[in-house]
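# An overview of the molecular structure
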Amino acid sequence: SPAVNAQLRAEQVTVSFGAVKALDDVSISVSPGGIHAVIGPNGAGKSTLFNVLSGVYPVTSGTVVFADLDVTKSRPHKLVRAGLARTYQNIVLGHVTVEEAILLGRHHLTRAGFLRCALRTPGARAEAKAARQSVHHLAEMLGLADSLHRIATELPYGDQKRVELARALAAEPEVLLLDEPVAGMNGHEKDEMTELLATIHARGDTTMVLVEHDMRMVLSLATHCTVLDFGRVIADGSPAYVASHPEVLRAYLGS
Ligand code: ADP
Ligand code: MG
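Residues numbered from 1 in each chain as written. Chains lettered and ligands numbered in written order. Predicted model: local features only at pLDDT ≥ 70, side-chain atom pairs only at ≥ 80, totals over all residues.

The name given to the protein chain in an unreviewed UniProt entry is ATP-binding cassette domain-containing protein, and the organism recorded there is Nocardioides immobilis.

Here's what the structure looks like:
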């Protein structure tokens, strides 16, 4: 069964906010190496699922398993260290330069960073060099090389979304959760981001889970698709299969 080979999975997860069940007995199984889309109407529970998978929200009941470990109670920083990074639907960049924002994503890769920096040991110098190279490489790849010293929040919106992606990639994750990476972008920016995600995925070492509204993007990128509606899974399978599923059409067209 796919659950056995899953890299990341939720089993019978329920998340209640008072009387609202944001997730209601949701199971999802993400296989290594693919691009797994999670789609569904507004309020379906997609961001809540990401918040549960990344340790931001606790479950009311159910289990989350990452790389064969029960991580149901793991905090976000522990999951990042274990190889699971994410972007946020609403960007949360502070008043920092693009370079600093991307560096923050690498934070957990720096062991005992503070002490070594304070003592200016050779190890600290080597890490600082590796960090700088990684940031510059990512900035180059994401078209941010000329913006490294600008304040991140002062960039155009589409560029800020790419900074947010660079920050998550800087953690060198095995699994990357992307919450609406093209939301609010114009058509040209969307196409660029879609191409970028395909390029990153083609490097072959990052499994992606993608919350996305744009069905065109899902069909062009995703290898698997789970559909949520009112906190429940209503369809799960290949993108082409779910796109023609009657319940999915009903949920999307509201008929
Ligand atoms: P989606 O990302 O699919 O649009 P969400 O996961 O953001 O949906 O929300 C699913 C439901 O859970 C909505 O009814 C939303 O209002 C509710 N919800 C999400 N987060 C919270 C929270 N922190 N407190 C209360 N209700 C929440
Ligand atoms: Mg959402």
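### Some points on the overall build of the protein chain
Filter applied, for reference: Think of it this way: any DSSP run of H or I at least four residues long counts as a helix, any run of E at least two long counts as a strand, and we number them from the N terminus. The atom set for the radius of gyration is the C-alpha atoms, and the globule formula is 2.2 Å times the number of residues raised to the power 0.38. Note on burial: count the other C-beta atoms lying within 10 Å of the residue's C-beta; 20 or more is buried, 12 or fewer is exposed, in between is partly exposed, and C-beta positions come from the backbone. We call two residues in contact when the distance between their C-beta atoms, placed using the backbone, is within 7 Å.
For the protein chain, the helix and strand inventory stands at 10 helices and 10 strands. Since a compact globule built from 255 residues should have a radius of gyration of about 18 Å, the 19 Å found for the protein chain is in line with a globular shape. Each of the three principal axes of the protein chain carries a C-alpha extent, and together these read 60 × 40 × 35 Å. Expressed as a percentage of the 255 residues in the protein chain, the buried residues total 36%. Sequence-distant contacts in the protein chain: of pairs separated by 6 or more residues, those separated by 24 or more amount to 67%.

### Focus on the site of ligand 1
The test is simple: Using a C-beta atom placed from the backbone, a residue is scored as near a molecule or strand whenever that atom is within 6 Å of it. Note on residue categories: nonpolar means Ala, Val, Leu, Ile, Met, Phe, Trp, Tyr, Cys or Pro, charged means Asp, Glu, Lys or Arg, and polar means any other residue, Gly included.
Neighbouring residues of ligand 1: Phe-17, Val-20, Ala-22, Gly-40, Asn-42, Gly-43, Ala-44, Gly-45, Lys-46, Ser-47 and Thr-48. Listing elements by their share of the shell around ligand 1, those giving two or more residues are β2 (20–30) and α1 (46–53). In terms of residues, the shell around ligand 1 owes the most to one element, α1, which gives three residues. Looking at the shell around ligand 1 residue by residue, the class counts come to four nonpolar, six polar and one charged.

### With respect to the domain arrangement of the protein chain
The test is simple: Residue ranges labeled as domains rest on an automatic or database domain assignment.
Taken domain by domain, the protein chain consists of domain 1 (31–58 + 70–83 + 173–255) and domain 2 (92–171). Using C-alpha coordinates to define each centre, domain 1 is positioned 25 Å away from domain 2. Taken together, the contacts link 11 residues of domain 1 with eight residues of domain 2. Considering only residue class, the side of domain 1 that touches domain 2 consists of seven nonpolar, two polar and two charged.

### Quick notes on the pairing of strand β1 (residues 8–17)
We apply this condition: Strands qualify as paired when DSSP identifies two bridges or more between them.
In this sheet, β2 lies alongside β1 in antiparallel orientation, the contact comprising seven bridges. Considered in β2, the bridge of Ala-10 is made with Ile-28. A loop of two residues connects β1 with β2, the two strands running antiparallel in sequence, and Gly-18 in this loop sits at a positive phi of about 60°. Sheet topology note: the β1/strand β4 (residues 61–66) ladder contains five bridges and is antiparallel. From the neighbouring strand, Arg-9 faces β4, where its bridge partner is Val-65.

### Some remarks on helix α6 (residues 157–169)
Condition: An expected span of 1.5 Å times one less than the residue number is assigned to each helix.
Given a rise of 1.5 Å per residue, 13 residues ought to cover 18 Å, and the 19 Å separating the end C-alpha atoms of α6 matches this to within 8%. Three or more residues of α6 are buried, namely Lys-161, Arg-162, Val-163, Glu-164, Leu-165, Ala-166, Arg-167, Ala-168 and Leu-169. Elements that come into contact with the buried residues of α6 comprise β6 (84–86), α3 (98–104), α5 (122–141), β7 (175–179) and α7 (187–202).

### Looking at the nonpolar core
One broad rule of soluble globular proteins: the nonpolar side chains tend to lie buried together. Which entries qualify depends on this criterion: Joining buried Ala, Val, Leu, Ile, Met, Phe, Trp, Tyr and Cys residues through C-beta atoms within 7 Å gives a set, and that set is a nonpolar core.
Ile-102, Ala-166 and Leu-210 are the most contacted members of the largest nonpolar core, which totals 62 residues. Counting contributing residues, this core receives three or more from each of domain 1 (31–58 + 70–83 + 173–255) and domain 2 (92–171). When sequence neighbours within four positions are dropped, the list of residues in contact with Ala-166 reads Ile-102, Leu-138, Ala-139, Leu-142 and Leu-144.

### What to know about the sheet that holds strand β3 (residues 35–39)
For the record, the criterion: To get an axis, fit a line to the C-alpha atoms, keeping to the stretch in contact for a helix; angles then go from 0 to 180 degrees between the N-to-C directions.
Ordered in space as β6-β7-β8-β3-β9-β10, the six strands form an open sheet in which the pairing is mixed. Every interior strand has two partners, whereas the edge strands, β6 and β10 (232–237), have only one. For this sheet, the mean inter-axis angle between neighbouring strands, taken without regard to orientation, is 15°. One ladder, built from four bridges, connects β3 with strand β8 (residues 207–211); its direction is parallel. Counterpart to Ala-37 in the pairing with β8 is Leu-210.

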